[in-house]
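# Analysis of the macromolecular model
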Amino acid sequence: MRNNFVPRLTLLVILFVILFSTQKLEASWKSAQEGNKIILIRHSLAPGGGDPSNFKINDCKTQRNLNQTGIDQSKKIGNLFKKNKVLIDQVLSSQWCRCKDTAKYAFKNFKEFSALNSTFQFPYSKNETRQLKEIKSFVKKWNGQGKNLILVTHYSIITAITNAVPSSGEIVVTDLNFNVLATISTN
């Protein structure tokens, strides 16, 4: 009798964890499904950290770029938005190639918005205050009419504006005041 109890208990625990995880993920998407949210996405996996010393904003060969895992993760992000029926007003992206590629693979159509550019290292770090002010001003004027604003950007911007600490490809759903409502991992 005891030999059957342990495997059954283990199976019950596993099923409970799966059910709880699924319900938590569905709840995470609920706020985005309601619309009129700001959804910040950290660019998908681009191995390394920071940017090379020869970085040029208009030359992807001088930047950290998505690897195949990052490309696949970006496609997964787009599929998750479709699967969860999240309405999108517009997609804005940092001008860094890894962000533009994340936006392209996930959503196809996007516009560049320089306020979303990285402020992680010098000389870009000196722009943080101005960029955050520009983002907040844009959001204040934005009217999603029931849809969501997608901002594909960098760890430095997301953390500065929300205090969230996203991993590559992580989705941060906020209200119009950048209060975090949910975070969704795409790893």
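Up top you'll find the structure we're talking about.
Note that the coordinates shown come from a computational prediction; the quantities given were computed from them, not determined experimentally.

Rules used in this analysis
Residues numbered from 1 in each chain as written. Predicted model: local features only at pLDDT ≥ 70, side-chain atom pairs only at ≥ 80, totals over all residues. Heavy atoms only, no water. Helix = DSSP H or I, 4+ residues; strand = E, 2+ residues; numbered from the N terminus. Contact = heavy atoms within 4.5 Å. Areas by Shrake-Rupley, 256 points an atom, 1.4 Å probe, with all protein chains shown as cover. Buried < 20%, exposed > 50% of the residue type's maximum accessible area, 1.4 Å probe, protein only. Pairing = 2+ DSSP bridges. Axes fitted to C-alpha atoms, helices over the stretch in contact; angles between N-to-C directions. Polar contact = N/O pair within 3.5 Å; in protein donor to acceptor, adjacent residues only side chain to side chain. Salt bridge = Lys/Arg side-chain N within 4 Å of Asp/Glu carboxyl O.

### Description of the overall build of the protein
Secondary structure assignment for the protein yields five helices and six strands. Seen in sequence order, the protein has helices and strands lined up from the N terminus as α-β-α-β-α-β-α-β-α-β-β. Sequence-distant contacts in the protein: of pairs separated by 6 or more residues, those separated by 24 or more amount to 65%. Split by element, the accessible area of the protein, about 10700 Å² in all, is 55% carbon and sulfur.

### Observations regarding helix α3 (residues 97-107)
Counting buried residues along α3, eight of its eleven residues qualify, which places the element largely inside the surrounding structure. Those residues of α3 lying buried are Cys-97, Arg-98, Cys-99, Lys-100, Thr-102, Ala-103, Ala-106 and Phe-107. On the buried face of α3, the contacting elements are β1 (38-42), α2 (68-83), β2 (88-93), β3 (111-112) and β4 (148-153). Just downstream of α3 lies Lys-108, where phi reads positive at about 70 degrees.

### As for the sheet that holds β3
Spatial strand order, β3-β2-β4-β1-β5-β6: six strands in an open sheet with mixed pairing. Each end of this open sheet is capped by a strand with a single partner; those strands are β3 and β6 (180-184). Relative to β6, strand β5 (residues 171-174) runs antiparallel, the two being bridged by four bridges. If you follow Thr-174 over to β6, its bridge partner there is Val-180. The strands touched by α2 are β1, β2, β4 and β5; relative to β1, the strand with the most contacts, the crossing angle is about 155 degrees.

### Overview of the side chain of Thr-62
Relative to the helices and strands, Thr-62 is located in the loop between β1 and α2. Of note is the side chain of Thr-62, whose polar atom sits 2.8 Å from the backbone nitrogen of Lys-56. Looking at Thr-62, its side chain comes within polar contact range of the main-chain oxygen of Asp-59, at 2.7 Å. Setting aside its immediate chain neighbours within four residues, Thr-62 contacts Pro-52, Asn-54, Phe-55 and Lys-56.

### Thoughts on the side chain of Thr-119
Residue placement: Thr-119 occurs in the loop between β3 and α4 (128-141). What makes Thr-119 buried here is its relative accessible area of 5%. Residues in contact with Thr-119, not counting those within four places in the same chain, are Tyr-124, Ser-125, Asn-127, Glu-128, Gln-131, Ser-156 and Ile-157.

### Topic: the pattern of salt bridges
All told, the structure shown has five salt bridges when counted by the stated rule. For Glu-34, the salt bridge is made with Lys-37, and the minimal N-O distance between the two is 3.4 Å. The partner of Lys-104 in a salt bridge is Asp-101, and the shortest N-O contact between them spans 3.8 Å. You can see Lys-104 and its partner Asp-101 sitting in helix α3, three residues apart, about one turn around the helix. Of the residues examined, Lys-104 reaches a relative accessible area of 38% and is grouped as partly exposed.

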